[in-house]
Each structure stands twice: as C-alpha cells, then as structure tokens.
Amino acid sequence: MSAEKTAIREKYKSLRKRLSREEVLAKSRRIKKLLFELPEFDQAKTVAFYVAKRESHEVETEEMIKETLKLGKRVLVPVVDGVKILFSDLRDYDSELAPGTFGVPEPKPLFRRPVPVSESDLIVVPGVAFDCRGYRLGYGGGYYDRLLREASLTRPSLSSVGLGYELQIVEKLPVTAEDVPVDILVTEKRVLRF
Ligand SMILES: Nc1ncnc2c1ncn2[C@@H]1O[C@H](COP(=O)(O)OP(=O)(O)O)[C@@H](O)[C@H]1O
Ligand SMILES: [Mg+2]
C-alpha cells in the first residue's frame, strides 16, 4: 500500500465529489462527443465500457453505452469476479444491470454473457486521477492494471482510453511496475495520446 497514492486518491476523489450531477452530465456529454470522434472508436466493432457508479461522480457512461448499442456495436461491461474483471455482452442498459460489487452496476446473473476481453477492440477505463504519461490511479484494487496487462498480452492491437475530467489530470503520478498506462485520455476539453 503506497501512502502517497492513497493521499492523491483521497484528494482527487473529493475534488470530483464537488461536481454537481449537472456538471457531471455536461462534461460527460463533451467527453462522449470526443470519444465518438476517435478513429479507434469509429473502427471498433466491440467496445468494453465501465459502468459509472453515480455516487462516485465518475464520468457518466450511460448515454455512451446506449448510443454505442444503437450504432450496432457490441458493448461489453465488467463483472467483478474476485480479483479479476470479467466482461459480459450487454444488450439493454435499462433492464440488465443491478448494483454489484462495490455498488457498481453489473449485469444481473440472468443477463451474464461472458466474452473474453481479447474480443474487444477498445477498452474504456475509469480513473480517480490520470497523469501526462497516461498513468492512472484507480480505487486501489489494481483491477484495471491486471485487466490491461492481460488484454495487451492476448490482444496487442487493442486500444485503451481513459475518461476523466480536466480537474483529474496531474503532471506525474507515483507508479510501480504493475501500473499500466492508457493509450488515450479523453477529457471534456481535449484528447491526449501517449
Ligand atoms: N498485474 C498484477 N498482478 C498482481 N497484482 C497486481 C497487478 N497489478 C496491480 N496489482 C496489485 O494491485 C494493488 C493495487 O494497485 P494500485 O496500482 O495501487 O491500485 P489502482 O491501480 O487501483 O490505483 C497493488 O497491491 C498491486 O500490487
Ligand atoms: Mg495501479
């Protein structure tokens, strides 16, 4: 456990908490527009999204997921299974999800359709903070580090894109050899490529 990471995590979690729901939704709409303009998104047939937990004020992915499904792309969403993230094919946002591990909406057991992460063309990654090299700070479980490592081994061409608010960007995060950076970061103001 890194005390330095813990302190940064707490700071950025509380900064994000100050955003109103309206601000979250407005910024998330801008982020959605920039995400949908990426060639990686355009070309992706299967997109793995995180599902935002509303109370955490994460960049909201509900509209992104619904619109991606409307575009005819396959959407995968995470199911936490022990220390691993597994992905499930989501067909309908409104009816198939219910709060699961950590209170994050996950597909209900009846709607679980497991798909290996290597079948996704693009992974959309949440974060508490991101830095100018693409490194990210999560909630401290290392879930996305393990996932991105596995994904890059099984599907080297797969792209990862972090979604964050401009206020979540720091110059340099403390990292260990296990931290995996994202390829692209989208904020409400810009797209950063690493
Ligand atoms: N590929 C991996 N294999 C095993 N453990 C990992 C791996 N990646 C990260 N971890 C572990 O997960 C824990 C949390 O990682 P950390 O980077 O602090 O969290 P987060 O990325 O969620 O902010 C650490 O103990 C780290 O060693
Ligand atoms: Mg990490």
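Refer to the structure above for everything that follows.
It is worth spelling out the sheet that holds strand E7 (residues 122-125) at this point. Sheets are built from strands paired through backbone hydrogen bonds, the pairs being either parallel or antiparallel. Strand order in the open sheet made by the eight strands is E6-E3-E2-E1-E7-E10-E12-E13, with mixed pairing throughout. Each edge of the open sheet is held by one strand with a lone partner, namely strand E6 (114-115) and strand E13 (191-193). Inspection of the sheet shows strand E12 (residues 184-186) paired to E13 by three bridges, in the antiparallel sense. By the bridge assignment, Leu185 is partnered in E13 with Leu192.

It is worth spelling out the pattern of salt bridges at this point. Evaluation of the coordinates by the stated rule reveals 17 salt bridges. A salt bridge links Glu119 to Arg74, with the nearest nitrogen and oxygen atoms 2.7 Å apart. Remark: Arg74 occurs in strand E2 (residues 74-81) and Glu119 occurs in the loop between E6 and E7; sequence separation between them is 45 residues. For Glu119, a relative accessible area of 37% corresponds to the partly exposed category. A relative accessible area of 27% places Arg74 in the partly exposed class. When the shortest N-O distance is used, the salt bridge between Glu106 and Arg112 registers 4.0 Å. Under the relative-accessibility criterion, Arg112 is labelled partly exposed at 38%. Within this structure, Glu62, Lys66 and Asp94 form a network of salt bridges that share partners.

Basis of the calculations
- Residues numbered from 1 in each chain as written.
- Chains lettered and ligands numbered in written order.
- Predicted model: local features only at pLDDT ≥ 70, side-chain atom pairs only at ≥ 80, totals over all residues.
- Heavy atoms only, no water.
- Pairing = 2+ DSSP bridges.
- Helix = DSSP H or I, 4+ residues; strand = E, 2+ residues; numbered from the N terminus.
- Salt bridge = Lys/Arg side-chain N within 4 Å of Asp/Glu carboxyl O.
- Buried < 20%, exposed > 50% of the residue type's maximum accessible area, 1.4 Å probe, protein only.

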